[in-house]
Amino acid sequence: MTESMQEQEKLFSEIEPLLAGVGLDLLELTLSRRGKETHVRAVIYSPAGTGTDQCVTAHRLMYPRLQVVLGVQEPFIEVASPGIDRTLKTRREWEIFKGKTVRILDREGGEWIHGKIVSVEGDRVTLANAGSEFVVELARIAKARLDSSREGD
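Residues numbered from 1 in each chain as written. Predicted model: local features only at pLDDT ≥ 70, side-chain atom pairs only at ≥ 80, totals over all residues. Heavy atoms only, no water.

> A description of the side chain of Thr126 should follow, citing residues and the corresponding values.
Structurally, Thr126 is set in strand β6 (residues 124–129). On the basis of relative accessibility, which here comes to 13%, the residue Thr126 falls in the buried class. Beyond its immediate stretch of four places on either side in the chain, Thr126 contacts Lys116, Ile117, Val118, Ser119, Glu133, Phe134 and Val135. (Helix = DSSP H or I, 4+ residues; strand = E, 2+ residues; numbered from the N terminus. Buried < 20%, exposed > 50% of the residue type's maximum accessible area, 1.4 Å probe, protein only. Contact = heavy atoms within 4.5 Å.)

> Describe the packing of aromatic side chains, listing the residues and the values that go with them.
Two descriptors summarise a pair of aromatic rings, namely the distance from one centre to the other and the angle between the planes of the rings. Enumeration over the complete set of coordinates arrives at 1 aromatic pair. Here the guanidinium or amino end of Arg103 rests over the ring plane of Trp112, the centre of that ring lying 4.4 Å away. (Phe/Tyr/Trp six-rings, centres within 6.5 Å; stacked < 30°, edge-to-face > 60°. Lys NZ or Arg CZ within 6 Å of the ring centre and 35° of its normal.)

> An account of the sheet that holds strand β4 (residues 101–106) is requested, with residue identities and associated values reported.
If you trace the 5 strands from one edge of the open sheet to the other, you get β7-β6-β5-β4-β8, paired in antiparallel fashion. On the outer flanks of this sheet lie β7 (132–137) and β8 (141–146), each paired with one strand and no other. On average, adjacent strands in this sheet sit at an angle of 45° to one another, irrespective of strand direction. The pairing of strand β5 (residues 112–121) with β6 spans 5 bridges and is classified as antiparallel. Of the residues in β6, the one forming a bridge with Val120 is Val125. (Pairing = 2+ DSSP bridges. Axes fitted to C-alpha atoms, helices over the stretch in contact; angles between N-to-C directions.)

> Please provide a residue-by-residue account of the environment of Ser4, values included.
Considering the arrangement of structural elements, one finds Ser4 in helix α1 (residues 3–20). Residues Ser4 and Thr90, 86 residues apart in the sequence, show an inter-C-alpha distance of 19 Å.

> Give me the lowdown on unusual backbone geometry, citing residues and values where you can.
We note that Ala130 has phi near 50°; this positive angle belongs to a residue other than glycine. Topologically, Ala130 is positioned in the loop between β6 and β7.

> Any details on the pattern of salt bridges? Residues and values, ideally.
The full count for this structure, using the stated rule, is 11 salt bridges. The partner of Glu14 in a salt bridge is Arg65, and the shortest N-O contact between them spans 3.3 Å. Of this pair, Glu14 sits in helix α1 while Arg65 sits in helix α2 (residues 52–70), placing them 51 residues apart in sequence. A relative accessible area of 26% places Glu14 in the partly exposed class. With relative accessibility at 32%, the residue Arg65 sits in the partly exposed group. The shortest N-O distance in the salt bridge between Glu78 and Arg41 comes to 3.4 Å. Remark: Arg41 occurs in strand β2 (residues 37–45) and Glu78 occurs in strand β3 (residues 76–80); sequence separation between them is 37 residues. Each member of the salt-bridge network shares a partner with another, and the members are Glu28, Arg86, Lys89 and Glu93. (Salt bridge = Lys/Arg side-chain N within 4 Å of Asp/Glu carboxyl O.)

> Explain the pairing of β5 residue by residue, including any values.
Relative to β5, β4 runs antiparallel, the two being bridged by 5 bridges. Following the sheet pairing, Val102 is matched in β5 by Gly115. With antiparallel pairing between neighbouring strands as the criterion, β4 and β5 make up a hairpin whose turn holds 5 residues, including Gly110 at a positive phi of roughly 65°. Counting the residues between successive antiparallel strands, the hairpin from β5 to β6 contains 2 residues, one of them, Gly122, with a positive phi of roughly 60°.

Here's what the structure looks like:
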């Protein structure tokens, strides 16, 4: 693991509980340094909706912590929502988005299937579609993204 990745993981572990305290999930955090500039990009999620107010709240909470942890006076911080068709990147995101509809591309069959995330246990996710449930191994999923077009199905 590179020093940069270690720094990002440390930063994630500093910021994640801070945001969780106000009901926000930190989905991803990236850190880049260019010369004297320090840029931090955070993607956050709130089950109640992730809009401008949530992004402002996250920014206000993160700013002083980032100043201390990174040792910089004015870090540039970008806070964004995950978007309505976010690609799921980690097992943790499967848990965060439980109850949401997803489209997955099966590595073996090469076809897109969709379903609502019912549960995540170990290395498997249970999805529901058309009144029935099915289990998919996370390792079999080539790509998965939220499917806002099917919300409410």
